[in-house]
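Letter by letter, the chains look like this.
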Amino acid sequence: MHIERLITMANDIATYFTSEPDHATAVNGVRDHLTRFWDPVMRRQLKTFVTEGGEGLLPLANEAVEGLNVPAVLN
Amino acid sequence: MLSIVEIDYGTPKAVSANTVILQIDGKNISVPEGTSVMRAAAQAGINIPKLCATEMLDAFGSCRLCLVEIEGRKGYPASCTTPVAAGMKISTQTPKLAEIRRGVMELYISDHPLDCLTCPANGHCELQDMAGVVGLREVRYGYEGANHVFARIPASKGQKAAIHGRTHELVPNPLFSPKDESNPYFTFDPSKCIACSRCVRACDEVQGTFALTIQGRGFESKVAASQDNRFLDSECVSCGACVQACPTATLSEKSLIDKGQAEHSVTTTCAYCGVGCSFRAEMKGEEIVRMVPNKDGHANHGHSCVKGRFAIGYASHPDRITTPMIRASIADPWKVVSWDEAFAHVGSEFKRLQATYGTHSVGGITSSRCTNEETYLVQKLVRAGFGNNNVDTCARVCHSPTGYGLKATMGESAGTQDFDSIEKTDVVLVIGANPTDAHPVFGSQMKQRLRAGAKLIVIDPRRIDLVRTPHIKADYHLKLKPGTNVAVLNTMAYVIVSEGLVDHDFVARRCEPEAFAKWSAFVSQDKYSPEAMEAQTGVSAEAVRGAARLYATGGNGAIYYGLGVTEHAQGSTTVMAIANLAMATGNIGREGVGVNPLRGQNNVQGSCDMGSFPHEFPGYRHVSDVATRELFEKAWGVPLYNEPGLRIPNMFEAALDGSFKGLYVEGEDIAQSDPDTQHVTAALSAMECVVVQDLFLNETAKYAHVFLPGSSFLEKDGTFTNAERRVSRVRKVMAPKAGYADWEITQKLAQAMGYPMNYGHASEIMDEIAALTPTFHGVSFDRIDELGSVQWPCNEEHPNGTPVMHVDEFVRGKGRFMLTEYVPTREKVNAEHPLILTTGRILSQYNVGAQTRRTANVMWHDEDRLEIHPHDAEERGINDADWVGIASRSGETVLRAMVSERMQPGVVYTTFHFPESGANVITTDNSDWATNCPEYKVTAVQVTRVSQPSEWQKRFRAFSNEQQSLLDQSAAAQPADTLGQQ
Ligand code: SF4
Ligand code: SF4
Ligand code: SF4
Ligand code: FES
């Protein structure tokens, strides 16, 4: 999928959690949202993008994606 | 004419804890205090003659036919206006009463045409019935006096001769008015009017439009629409309440005039909006004579709007396709095939796609227009048959933020009340909804409550009708800038917290204390003071403060919201902000309060409940939840995928990058209803097998490879769930035109994919849903038949259903306040796109219009127009009805302008009922952060005067013409009698 689209969507989610005063809660919030609502293919694509630098992602989104769980095998 | 099967008790039911015992015609009768003598008698099976009274309306006491004698009282009181009193002794039949009644009838009949045998009301005319009941045998006055019956009367004397056609001196009769046939659905024949004013009162009391009046006095009095206009040109919204109330043939459905009286009646549910009105389909064999709203309908109490009552002609429209068709490419003509061929074709194509591109390369889309049973089967087909979770519903593009926001705060993805709860509401807060147009029957109920004194706050960029309508004026109209809902709600929260208006007792008992503390600090930041936000929201601080105080302290406060809340980049945040306000003020968990999403389509609630979202099984349980998954795996006999699947916009993205190849779409027109049309059609074009199941060759079907003809709501059994969580029955009144009910088609597809499904009846599907879903454990077709309808949760704990939720505790335990930072949308006005476009709908048309465009409803709305404020129009040299181009960063389209003060400067508005309007060519890919619900309500545009259609419209027309000819070629090639076979 277009990575730009995924970046926008991840940033939108992170923006919502920016007002959360507790940083760990905010990071978990973003990560949990991605895990519960995003198809694993999209999660994997975003995670790969972050390992390659993740340019354009908000810091909060970046941090959340780093610890994101992606299933090993997708069929 | 009233329903042919209901008993009319004459006056509305009284509600009282006290019982009164009285005697009528020697029978002892006990009824609630406040009941009329007429109703008390009727309940005991004693029918007092009546004409001006009907249960739909408050008693009026004008016809003097219902007189009775009461022991110890002088005179002959009217039984409809006399309330019962303890110990009353009443006689309904005495020689004196008989004489008076005959006298009354004699007068009526002397001014009434005597064409009963050819009259459409014949058999169900109350005037005729009463003439019979009172034993009228002669009309001593003759029929020649002053009258409303004849168009021409003799100039002076010799009237008798005139009637028999023997005199030449005829002059126009000043009392006569000709028939008004302007309304497409009913006629008004004043010559038959008895001036009982039931129609006038129905329009006032039930519908709340005040379109009719009685003009003149005494014998001169007559019914008139608005200022003596034709019905079509008056304020009339064609709800039909007056037609139903009329005791004679004066107001009659045209369909009744054409077809004659029905012989049986079947109770079913409207397939249009989320009010979910219950109807009696009055039938002649398999043909519908007319639809009459069901007096016992729990959502509508005998009322309806123009769509449900009249706009059903689409179901028998010639455009309906009744044979399956396939083609290899969208440039090919359609080939008509047998059902078996169609099923085998889809089965083999989807299997091929999965073998070539992987398990996840196919998916399905369900529709909020389908029944619960159909939706359930489609998601089951995807999860169990396709083996992935790529299923989504069109609720994605309307109310997905409601699901997210209400679940996060209160624990259940549904509205908290029943409609009747509004009877106990003191302050009504309407935000981003237009109930009088989009949810008309509930809109009428709301207007009744407002006329009875409830206060009203409207938060909307447009001056919707509710703001100012007969006998109603909003106390506050916060005319905010589109896209600033969260900002306005945060300022209201600021006022509630800073002015000490929080219901601390409720919050302490019912909500998570840490979350509340965090929220209360959050909304108390200076930046959310109404004064600080004024410039951004465009709403004066004073108005915000007033509205917040009123909602927090005005008694029972209830919030009603619609797509103007959800279809924004911050849709989910707004829903949470609404829930926060309700919790902070203790407006949750009892009658009269609550958070009420007004659902657009008939079964939005149901399609969400039934597991249409890619991450949830039925009953809103996440696919990763092990216990739930095991439950479904056991029931369905296959392993199920434990990760969320693709949402609709994700499917499009995946199609464009080549990983998503096959789509099964049931009853949904994504090519018209989803944003950024050109993106959607590109995605559809990139797929190898698009299967569309629908009544018509809709916009999406023009990009399809397989067309499966579906069935209308009249042709199948099932259930719909309305905005109040109310599950009602849809009943089959005629055989499916294409041979199969939609659930049967899905079942056959599953079999073709090699996954067994063997339901014999829709009720068996509901039984499976009930067995697997805790909130539905008590639901079955039998149980619904018993109760009439039932609001989930319905289970062991709530065997009769649940009108009000979160009573003692929230579904999630403690209510959770959520933070709701205001984030301005990316869609900003600039020099290139200086105006904000927002979208909505109107009363007579429904959604993408596929149904209503194929009815006479187009007489009220035959094109989508761009509403623009006079100031903006003048700046651009635009006059009313000029063609204007509307350009956004996504695309451009052309509509005609409507210059209107309802808009605020800087904001333009349009509806989206006609595909050629291309409203979604302009909308962008911005979406709600949590659910990807598109931001339909805010698009930056420029508007200019133009002289020709946009490039997109030209391409659209060319493509539509080409697709139509491909369809015509196939129809021409096919003998007609293979249609509907199988
Ligand atoms: S159809 Fe409805 S709106 Fe029109 S006059 Fe009758 S009651 Fe009033
Ligand atoms: S039109 Fe019908 S309901 Fe209205 S006043 Fe005449 S008879 Fe009564
Ligand atoms: S469209 Fe809505 S309000 Fe109108 S009859 Fe149908 S359910 Fe009722
Ligand atoms: S029915 Fe009571 S006065 Fe007409």
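Predicted model, so just to flag it, every value in this text is computed and none were measured.

### Comments concerning the overall build of chain B
Scanning chain B from terminus to terminus reveals 31 helices and 38 strands. Expected size for 982 residues packed as a compact globule is a radius of gyration near 30 Å; at 30 Å, chain B falls within 12% of this value. Dimensions of chain B along its principal axes, counting C-alpha atoms only, are 90 × 75 × 65 Å. Residues counted as buried form 64% of the 982 residues belonging to chain B. Restricting to contacts in chain B with at least 6 residues of sequence separation, those with at least 24 account for 72%. Here chain B displays about 34000 Å² of accessible surface, and carbon together with sulfur accounts for 51% of that area. Chain B carries 94 positive and 114 negative side-chain charges, and their two centres are separated by 4 Å.

### Some words on the domain arrangement of chain B
For chain B, the domain assignment lists domain 1 (19–121), domain 2 (172–316), domain 3 (340–388 + 604–646 + 653–791), domain 4 (400–597) and domain 5 (835–963). One C-alpha centre belongs to domain 1 of chain B, the other to domain 4 of chain B; they are set 46 Å apart.

### Here we look at the site of ligand 2
By nearness alone, 13 residues border ligand 2, and Cys193, Cys196, Ser197, Cys199 and Cys246 of chain B come closest of all. In the shell around ligand 2, the residues fall into nine nonpolar, three polar and one charged.

### What about the interface of chain A and chain B?
On the chain B side, the residues contacting the 25 residues of chain A number 30 residues. Of the roughly 2500 Å² buried where chain A meets chain B, counting both sides, 52% is carbon and sulfur surface. Inspection of the region where chain A meets chain B yields three salt bridges. The salt bridge partner of Asp12 of chain A is Arg826 of chain B, with a shortest N-O separation of 2.9 Å. For the pair chain A and chain B, the interface holds seven residue pairs in polar contact (both at pLDDT 80 or more).

### Some details on the site of ligand 1
Around ligand 1 sit Phe186, Cys203, Leu212, Phe231, Cys236, Val237, Ser238, Cys239, Gly240, Ala241 and Cys242 of chain B, and that is every residue in its neighbourhood. For the shell around ligand 1, the per-class residue count stands at nine nonpolar, two polar and no charged.

### Quick notes on the sheet that holds strand 31 (residues 726–730) of chain B
Hydrogen bonds between backbone groups are what pair the strands of a sheet, and the pairing can be parallel or antiparallel. Residues and elements named next belong to chain B. Taken in spatial order, the three strands of this open sheet run 30-31-32, and their pairing is antiparallel. With partners counted over all chains shown, the strands left at the sheet margins are strand 30 (718–721) and strand 32 (790–791), one partner each. Here strand 31 pairs with strand 32 via two bridges, running antiparallel. Within strand 32, the residue paired with Arg726 across the bridge is Gln791.

### Thoughts on the sheet that holds strand 18 (residues 427–431) of chain B
All names here are of chain B. The strand order 22-19-18-23-24 describes an open sheet built from five strands, whose pairing is parallel. The sheet is open, and its two edges are formed by strand 22 (476–478) and strand 24 (594–597), each paired on a single side. Shown here is a sheet whose adjacent strand axes are inclined to one another by a mean of 15°, direction ignored. Inspection of the sheet shows strand 23 (residues 557–561) paired to strand 24 by four bridges, in the parallel sense. Within strand 24, the position partnered with Ile559 by the bridge is Val595.

### Some details on the nonpolar core
Counting 64 residues, the largest nonpolar core has Leu251, Val428, Met446, Leu456 and Phe713 of chain B as the members making the most contacts within it. With four residues, helix 13 (residues 440–451) of chain B is the largest single contributor of residues to this core. When sequence neighbours within four positions are dropped, the list of residues in contact with Leu456 of chain B reads Val428, Val430, Leu450, Leu466, Ile472, Ala474, Asp475 and Tyr476 of chain B. Listed in part, the 61 residues of the second largest apolar core include Leu46 of chain A together with Phe707, Phe959 and Leu967 of chain B.

### Thoughts on the pattern of salt bridges
Residue and element names in this part refer to chain B. Considering all chains together, one arrives at 46 salt bridges over all chains under this definition. Between Glu126 and Arg198 there is a salt bridge, with its nearest N and O atoms 2.8 Å apart. Here Glu126 is found in helix 3 (residues 126–134), whereas its partner Arg198 is found in helix 5 (residues 198–207), with 72 residues between them in sequence. Its salt-bridge partner being Arg876, residue Glu875 comes within 3.5 Å of it at the nearest N-O pair.

### Notes on the side chain of His705 of chain B
Residues and elements named next belong to chain B. Within the secondary structure, His705 sits in the loop between strand 28 (689–694) and strand 29 (706–709). With relative accessibility at 7%, the residue His705 sits in the buried group. Ignoring any residue separated from it by four or fewer positions in sequence, one finds His705 in contact with Met325, Ile326, Arg327, Ala328, Ser329, Ile330, Trp334, Met687, Glu688, Cys689 and Val690.

Rules of the game
- Residues numbered from 1 in each chain as written.
- Chains lettered and ligands numbered in written order.
- Predicted model: local features only at pLDDT ≥ 70, side-chain atom pairs only at ≥ 80, totals over all residues.
- Heavy atoms only, no water.
- Helix = DSSP H or I, 4+ residues; strand = E, 2+ residues; numbered from the N terminus.
- Rg over C-alpha atoms; globule rule 2.2 N^0.38 Å.
- Buried < 20%, exposed > 50% of the residue type's maximum accessible area, 1.4 Å probe, protein only.
- Contact = heavy atoms within 4.5 Å.
- Areas by Shrake-Rupley, 256 points an atom, 1.4 Å probe, with all protein chains shown as cover.
- Lys, Arg positive; Asp, Glu negative; His and termini not counted.
- Charge placed at Lys NZ, Arg CZ, Asp CG, Glu CD.
- Domains from an automatic or database assignment.
- Near = heavy atom within 4 Å.
- Nonpolar A, V, L, I, M, F, W, Y, C, P; charged D, E, K, R; others polar.
- Buried area = accessible area lost by both parts, 1.4 Å probe.
- Salt bridge = Lys/Arg side-chain N within 4 Å of Asp/Glu carboxyl O.
- Polar contact = N/O pair within 3.5 Å; in protein donor to acceptor, adjacent residues only side chain to side chain.
- Pairing = 2+ DSSP bridges.
- Axes fitted to C-alpha atoms, helices over the stretch in contact; angles between N-to-C directions.
- Core = buried A, V, L, I, M, F, W, Y, C linked by side-chain atoms within 4.5 Å.

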